[in-house]
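# Results of the structural survey
Here are the chains, one letter per residue:
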Amino acid sequence: MDNYFESPFRGETLDKQVANPNIVVGRFSYYSGYYHGHSFEDCARYLLPDEGVDRLIVGSFCSIGSGAAFIMAGNQGHRRDWISSFPFYWMPEVPAFAGAENGYRPAGDTVIGNDVWIGSEAVIMPGITVGDGAVIGTRALVTRDVEPYTIVGGNPAKPIRKRFDDRQIALLLEMRWWEWDDAALAGAMPLLTSGDVDGLHRYWLGLGA
């Protein structure tokens, strides 16, 4: 089978990989999927292109590792509150199933913030929101929303620590550097590639924010 990617060391931006209208992607976010061979669109599991279904929304400057999976289609017709979780209505050709109710329930859009790093083979469950700047550990199973700039890992995923202190996180969320134009980013690159949050904030104020 042909591999969509040529190298494990270089990803490709999502806008070049996605045709499904229910996957919305920001600028420069990329997927590096060499070890699984398929494009990012196949990471969105069970996602139809139809109108009105839950969407997968990915912000800007996100880094997504090989084999990450976003489980879509709500509860996929399985009802835990019913006696049977089996989706009988999927098989209308079986006479005994003719009276089955449709158990589908949407979960809402799955939203990945900006500057999020998702490790290889992490799984994001339906309707989850991952905050800006978060880090999702390799093979983490994310079953709950993740706060901004929080590192999570495990099965189920739990917070490990914050990337910065609360004051610095507030500054980063205020600046929203991922929305800056290229000229502003160019001037900030020495700061963006450092841990100097206060220096970046001073730079941002100097832009006339």
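The numbers attached to residues start from 1 for each chain and follow its sequence in the written order. Where local features are concerned, this predicted model is filtered to residues with pLDDT of at least 70; where side-chain atom pairs are given and counted, the filter is 80 or more; whole-chain, interface and lining totals use all residues. Calculated side-chain values reflect all of the structure's heavy atoms, with hydrogen atoms and water omitted.

As a further point, take the environment of Asn 3. Helix and strand labels come from DSSP, where a helix needs a run of H or I of at least four residues and a strand needs a run of E of at least two; each type is numbered from the N terminus. For Asn 3, the position within the fold is in the segment before strand 1 (12–13). Through-space distance from the C-alpha of Asn 3 to that of Gly 133 is 30 Å; in sequence the pair is 130 residues apart. Residues contacting Asn 3, with those up to four places away along its chain left out, are Tyr 34 and Gly 37. A polar contact of 2.9 Å, which involves the side chain of Asn 3, links it to the backbone nitrogen of Phe 5. Between N or O atoms, a polar contact is any pair within 3.5 Å; within protein, one atom must be a potential hydrogen donor and the other a potential acceptor, and residues adjacent in sequence are included only when both atoms are from side chains. Reaching out from Asn 3, the side chain makes a polar contact with the backbone oxygen of Tyr 34 at a distance of 2.8 Å. Note on contacts: a residue pair is in contact if any heavy atoms of the two residues lie within 4.5 Å.

Right, let's get into the sheet that holds strand 4 (residues 44–45). Ordered in space as 4-7-10-13, the 4 strands form an open sheet in which the pairing is parallel. Lying at the two open borders of the sheet, with one neighbouring strand each, are strand 4 and strand 13 (141–142). Strands are treated as partners if at least two bridges between them are detected by DSSP. The pairing of strand 7 (residues 69–71) with strand 10 (residues 123–124) spans 2 bridges and is parallel. Across the sheet, residue Phe 70 finds its bridge partner in strand 10, namely Ile 124.

For cavity detection a 1 Å grid was placed over the protein atoms alone, and a set of points counts as a cavity when a 1.4 Å probe fits there but cannot get out; an open set counts as a pocket when protein lies on both sides within 12 Å along at least five of seven lines, with lining residues being those that have an atom within 4 Å of a point. Grid points are joined across faces, edges and corners, and a volume is the space filled by probe spheres set on the points. By volume, the largest pocket is sized at about 340 Å³. Lining the largest pocket are 13 residues, and of these Gly 74, Asn 75, Arg 80, Met 125 and Pro 126 sit closest to its centre. A class-by-class count of the residues in the lining of the largest pocket yields 4 nonpolar, 5 polar and 4 charged. Amino acids outside the nonpolar list (Ala, Val, Leu, Ile, Met, Phe, Trp, Tyr, Cys, Pro) and the charged list (Asp, Glu, Lys, Arg) are all regarded as polar, and Gly is one of them.

Another point: the pairing of strand 15 (residues 158–162). A small share of strand 15 lies buried, amounting to 0 of its 5 residues. Where strand 14 (residues 150–153) meets strand 15, 4 bridges bridge the pair, whose relative direction is antiparallel. Residue Ile 151 lies in a different strand from strand 15, and its bridge partner there is Arg 161. Count of turn residues in the strand 14/strand 15 antiparallel hairpin: 4 residues, of which Gly 154 carries a positive phi of about 100°. Under the scheme applied here, a residue whose accessible area is under 20% of the maximum for its type counts as buried, over 50% as exposed, and between as partly exposed, the area being computed with a 1.4 Å probe on protein chains only.

With that settled, consider the side chain of Ser 39. When you line up the elements, Ser 39 lands in the loop between strand 3 (30–31) and strand 4. Given a relative accessible area of 12%, Ser 39 falls into the buried group. Setting aside chain neighbours within four positions, we find Ser 39 in contact with Tyr 4, Phe 5, Gln 17 and Tyr 31.

Here the focus is the packing of aromatic side chains. To pair, rings of Phe, Tyr and Trp, with the six-membered ring standing in for Trp, must have centres within 6.5 Å; the planes then decide the type, stacked if under 30 degrees apart, edge-to-face if over 60, and tilted in the middle. All chains considered together, the criterion is met by 14 aromatic pairs. With centroids separated by 5.9 Å and ring planes inclined at 40°, the aromatic side chains of Trp 180 and Tyr 203 adopt a geometry described as tilted. Note that Trp 180 is positioned in the loop between helix 1 (166–175) and helix 2 (182–192) and Tyr 203 in helix 3 (residues 197–206), a separation of 23 residues in sequence. Here a set of aromatic residues connected by ring pairs shows up, and it is made of Tyr 4, Phe 5, Tyr 31, Phe 40 and Phe 70.

The alternating pattern of strand 14 places Thr 150 and Val 152 on one face and Ile 151 and Gly 153 on the opposite face, and all of these are buried. Relative to strand 14, strand 12 (residues 135–136) is paired through 2 bridges, and the arrangement is parallel. Opposite Ile 136, over in strand 14, you have Val 152 as the bridge partner.

We now examine helix 1. If you check which residues of helix 1 are buried, you get Gln 168, Ile 169, Leu 171, Leu 172 and Met 175. The arc enclosing the buried residues of helix 1, seen along the axis, measures out at 160°, which places them on a common side. At the N-terminal boundary of helix 1, the capping side chain belongs to Asp 165, with an oxygen 3.2 Å from the backbone nitrogen of Arg 167. Once helix 1 finishes, Arg 176 follows within two positions and takes phi at roughly 45°, a positive value. Note that the arc is defined by the directions from the helix axis to the C-beta atoms.

When the charged atoms of two side chains with opposite charge come close together, those side chains can pair. What makes a salt bridge here is a side-chain nitrogen of Lys or Arg within 4 Å of a carboxyl oxygen of Asp or Glu, nothing more. Within the structure shown, the criterion is met by 8 salt bridges. With a closest N to O distance of 3.0 Å, Asp 109 and Arg 55 form a salt bridge. You can see Asp 109 sitting in the loop between strand 7 and strand 8 (110–112) and its partner Arg 55 sitting in the loop between strand 4 and strand 5 (56–58), a full 54 residues away along the chain. Look at Asp 109 and you get partly exposed, because its relative accessible area is 26%. Between Lys 162 and Glu 147 there is a salt bridge, with its nearest N and O atoms 3.6 Å apart. Of this pair, Lys 162 sits in strand 15 while Glu 147 sits in the loop between strand 13 and strand 14, and the two are 15 residues apart along the sequence. Its relative accessible area of 33% is what places Lys 162 among the partly exposed residues. Shared partners join several salt bridges into a network, and the residues in it are Glu 147, Lys 162 and Asp 166.

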